[in-house]
Amino acid sequence: MAVLTIKDLHVSVEGKEILKGVNLEIKGGEFHAIMGPNGTGKSTLSAAIMGHPKYEVTKGSITLDGQNVLEMEVDERARAGLFLAMQYPSEISGVTNADFLRAAINARRGEGNEISLMKFIRQLDEKMAFLEMNPDMAHRYLNEGFSGGEKKRNEILQLMMLQPKIAILDEIDSGLDIDALKIVAKGVNEMRSNDFGCLIITHYQRLLNYITPDYVHVMMQGRIVKSGGPELAQRLEAEGYDWIKKELGIEDEVVEQEA
Amino acid sequence: MIETKLPFDQQYVRSFSTERNEPDWLLNVRLQALAKAEELPLPKPDKTKIDQWNFTQFTNHVVESAPLSSLEELPEAVKALINLNEEQKNLYVQRDNTPAYLSLSEDLKAKGIIFTDIFTAVREHSDLVKKYFMDGVKVDEHRLAALHAALFNGGVFVYVPKHVQVDVPLQAVYVHERAEALFNHVIIVADEGSKVTYVENYISTCETANSVVNIVAEVFANDNAHVFFGAVDSLAKGVTTYVNRRGITGRHGRIEWALGLMNDGNTVSENITRLIGDGSYGDTKTVVVGRGEQIQNFTTSVIHYGKHTEGYILKHGVVKDKATSIFNGIGKIEHGASKSNAEQESRVLMLSPHARGDANPILLIDEDDVTAGHAASVGRVDPNQLYYLMSRGIPKEEAERLIIHGFLAPVVNEIPIESVQKQLIEVIERKVK
Ligand SMILES: Nc1ncnc2c1ncn2[C@@H]1O[C@H](COP(=O)(O)OP(=O)(O)OP(=O)(O)O)[C@@H](O)[C@H]1O
Ligand SMILES: [Mg+2]
C-alpha cells in the first residue's frame, strides 16, 4: 500500500514563500479533497509534489513509501507512482495523444519490456470508450485545440492508462459540463482500490457529490488550516470561508498597493 | 581570398555538350551562360555573407559511374529510400552525374508521361525541354544561375500531358558518392488539367566531401494543373550547396512543396513560387535542422501576380550546436493581384545557447484589396511542455525528442512516400541527437 507523506513543507516561487508548512499524508485506498480560496497555494502544493522546476522547496520533506521524492527528477517521480492531472495541461503540437501515451507507458515499463501495439490499442480503445471520448482524439495532437472539458477528460484518460499509486487532480472539474463531470468522476471512481490514493483539489462541492472523499482539508495562506470529513465540504459550499477565518482568527492578507 | 576565375572555359563547355549530342540551342544557352557567369555577381541572400563560400572551384566537372544492373547494388542507406518490392516502379536513380537506373510503369508510359534523365530528354524531346529550360529561373539572375546553365551535368525531366492525372508518386534519388561538382537540373511540367507528385532525395554516401552542388528545379503547373513536390536533401558536411527550387503557376494551377532540408554543409536554399495565373495557389512547407558549425540560409518566397491567388509559407527550423540558420520568408503581392491572400509562419527552435537562428518575415504589398498575415518566433523548448511530458514518466531526452519531432511534423507528415518520410524522420533523429 502506497503512502505519500508531506511534512512541514515550505515552498517558494521566485523568492516568495507560498507554502508555509504543509502536513499531509495520503495512503492507498484514501481519497482526500483540498479546498480553499484562490491563490492560497493548492496548485503550488501539487507542483511541488510533482517537481516543477520553478517551485523551490525550502524546508520540509515529501516521501513516497519512505523514498525521498524531493531528490527525484520529475520523470522519476512519475515512474515511482505519482501522477498530477494539471489545472492547465500543456498543448504539444505534432505529437499524437496515442504516441505520447505509448511513450509514457513504455517509459514505465523500461527498455525491452515495451507494451505490444495490439495490447496498447486495446487498452486505449477500452478506456476511451469508458470515458465516452471520440476515438479521433487518440490521433489528434496532444491537447492541441482541445476544449477545456476535453483536456480534463484527457487527463483522466492518462490517469487510467498509467495507473499510478497516488494521483493529484488539480481542478479536474473546472470547465466541465454536468455530463462530463459525471464521466470524469466515473473514471476516478473506477480507479478506487487499496493500491490507489488520490488528492482532489476543487472549489466546488459538486464534484464531491460524485467522488466521495474520505477527508476534506481547507488550505489558506499556504497552510492546511482545517481538516474533516465530507460534511466539511458541504458547510464550505453553504457558508463560504469566512467562518473558518473567524474561528481561527485569520486576517485577510493585505494586498500591497501599487503606488 | 576565394578564387573567382571560373575553372572551365568555352572550349570545355563546347566539347562537353558535343559529346552528349546536345542540340545547338542548348550549346548556345550554355556558352552564353558561361560568358554571363564571368560578369554577374553572386546572389545576395539576406543576412548571410557568402562571398567566401566555394561555389565555383573544383577540378573535375563530371565523374563517370557505372549504371546499376540491379537496385540491390545500392548502399543500404539509399535502398532504404526505395520500395524494392514494388513491381511497377516509377523511379530514377542517378549516381553522381550518371543516370544509373530508370523505371516507369507501362500504365504511365501509355498515358504519354515523360520521366527520364535530362540528357535523354534534351535529345528526345528537344522542343519541349527548350520551352521550359531556364524559363523559371533565368540565366541572368546571378552568377550561380548562369554557371548552372553553363555546366549542368545531371537531372531529370518530367512531363505530364494535358488532363492526365498521375496518382502514384514519381521518385528521383540523386546519390552523391564522390562527385566534386553536381549541377543538377530538374524540370517538372504538369500540362493543363494534369496532376503529378514528384519526390526527390539528395543523399551523400560519403561521410565528408569537398564538393560543390548547384541545383535548379523548375516546376510548372499550367492552367488547372496540380503539382506536389517533395524533397529531402541530406548532403554531407563539406558540400557547399546552392539549391534553387522555383515554381510557376498558370490559371488555377497549384503547387505544393514539402521540403526537408537536412544538409550538413553550408547551404543557400531558395524556393520561390510565382503565382502568375488568376486563382492559382502555392503552398510551401519547409523543415530544417542545423547542426555543427554549418551556416544555412533559407529564403522562401511566394509572389502573387494573378488575381485571387493564395500563397502559404510554413517553415519550422531547429538549430543546435554552433550552427547558424537564417529564415527569410517573403510574401509579395504585385499590383493588380487583387483579392489575393499571403500568409506565412516561421518558427525556430534553438537547442543550444551558441546556435544562431533568425526568422525574418517580410510582406511586400502593392495592391489594396488583399489579405496578408505573418507570424514568426525564435524560441527554446518550452519548459512547461517538457515538465508536462516528464510528469508522465517520460525521461527528459525522450521528451525533448518528442517535442522536436512534433515541431517538425507539419512537413514530415506531408511527404507522400512512406520510405522517404521514414528516412526524413531518421535524418532528423540523427541531426538533433
Ligand atoms: N509560477 C509562478 N510564478 C509566480 N507566482 C506564482 C507562480 N505560481 C504560483 N504563484 C503565486 O503563488 C500563489 C499561489 O498560487 P496557486 O496557483 O498555488 O494558488 P491556488 O490555490 O491553486 O489558486 P486557484 O484556486 O486560483 O487555482 C499565488 O499568489 C500565485 O500568484
Ligand atoms: Mg490552482
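Residues numbered from 1 in each chain as written. Chains lettered and ligands numbered in written order. Predicted model: local features only at pLDDT ≥ 70, side-chain atom pairs only at ≥ 80, totals over all residues. Heavy atoms only, no water.

## What about the overall build of chain A?
- Secondary structure summary: chain A contains 9 helices and 12 strands in total.
- Radius of gyration (C-alpha) of chain A: 19 Å, near the 18 Å computed for a compact globule of 259 residues.
- With the principal axes as the frame, chain A shows a C-alpha extent of 60 × 45 × 40 Å.
- Residues counted as buried form 53% of the 259 residues belonging to chain A.
- Residue pairs in contact within chain A that sit at least 24 positions apart in sequence constitute 69% of those at least 6 positions apart.
- With the model as given, the accessible surface of chain A reaches about 12000 Å², and the carbon-plus-sulfur share is 46%.
- Where the 29 positive side-chain charges of chain A centre and where its 40 negative ones centre are 3 Å apart. (Helix = DSSP H or I, 4+ residues; strand = E, 2+ residues; numbered from the N terminus. Rg over C-alpha atoms; globule rule 2.2 N^0.38 Å. Buried < 20%, exposed > 50% of the residue type's maximum accessible area, 1.4 Å probe, protein only. Contact = heavy atoms within 4.5 Å. Areas by Shrake-Rupley, 256 points an atom, 1.4 Å probe, with all protein chains shown as cover. Lys, Arg positive; Asp, Glu negative; His and termini not counted. Charge placed at Lys NZ, Arg CZ, Asp CG, Glu CD.)

## Some thoughts on the coordination of the magnesium ion (ligand 2)
Residues and elements named next belong to chain A.
- Within the protein, the atoms that donate to the magnesium ion (ligand 2) are Ser43 (OG) and Gln87 (OE1), at distances of 2.0 to 2.3 Å. Taken together, the residues span a long stretch of sequence, with Ser43 in helix α1 (residues 42-50) and Gln87 in the loop between β6 (82-85) and β7 (92-96) at a distance of 44 residues.
- Ser43 sits in the partly exposed class, given a relative accessible area of 27%.
- Residue class for Gln87 comes out buried when judged on its relative accessible area of 17%. (Donors = N, O, S within 2.8 Å, 3.2 Å for Na, K, Ca; no water.)

## So, the layout of surface pockets
- Estimated volume of the largest pocket: approximately 720 Å³.
- Around the largest pocket, the lining is made up of 23 residues, and of these Asp99(A), Ala103(A), Glu398(B), Arg401(B) and Leu402(B) lie nearest the centre.
- Elements with a minimum of two residues in the lining of the largest pocket: β7 and α3 (97-109) of chain A together with α9 (396-412) and α10 (418-432) of chain B.
- No other element matches α9(B), which puts 7 residues into the lining of the largest pocket.
- Here the lining of the largest pocket is composed, by residue class, of 10 nonpolar, 7 polar and 6 charged.
- Volume-wise, the second largest pocket comes out at about 620 Å³.
- If you trace the second largest pocket, you find 28 residues lining it, with Glu207(B), Ala236(B), Lys237(B), Asp264(B) and Arg291(B) closest to the centre.
- Partitioning the lining of the second largest pocket into residue classes produces 9 nonpolar, 11 polar and 8 charged. (1 Å grid on protein atoms, 1.4 Å probe; cavity = no way out; pocket = protein on both sides within 12 Å on 5 of 7 lines; lining within 4 Å. Points joined across faces, edges and corners; volume = space filled by probe spheres on them. Nonpolar A, V, L, I, M, F, W, Y, C, P; charged D, E, K, R; others polar.)

## Re the UniProt feature "domain: SUF system FeS cluster assembly SufBD N-terminal" (unreviewed entry) in chain B
- The sites that UniProt annotates as "domain: SUF system FeS cluster assembly SufBD N-terminal" (unreviewed entry) are residues 110-171 of chain B.
- With 39% helix and 21% strand, the stretch residues 110-171 of chain B has end C-alpha atoms that lie 18 Å from each other. (UniProt positions renumbered as here; feature names shortened; annotations may be inferred.)

## Re the UniProt feature "domain: ABC transporter" (unreviewed entry) in chain A
- On the UniProt side, "domain: ABC transporter" (unreviewed entry) is annotated at positions that read residues 4-246 of chain A here.
- As annotated, residues 4-246 of chain A has a helix share of 38% and a strand share of 30%, and its two end C-alpha atoms lie 31 Å apart.

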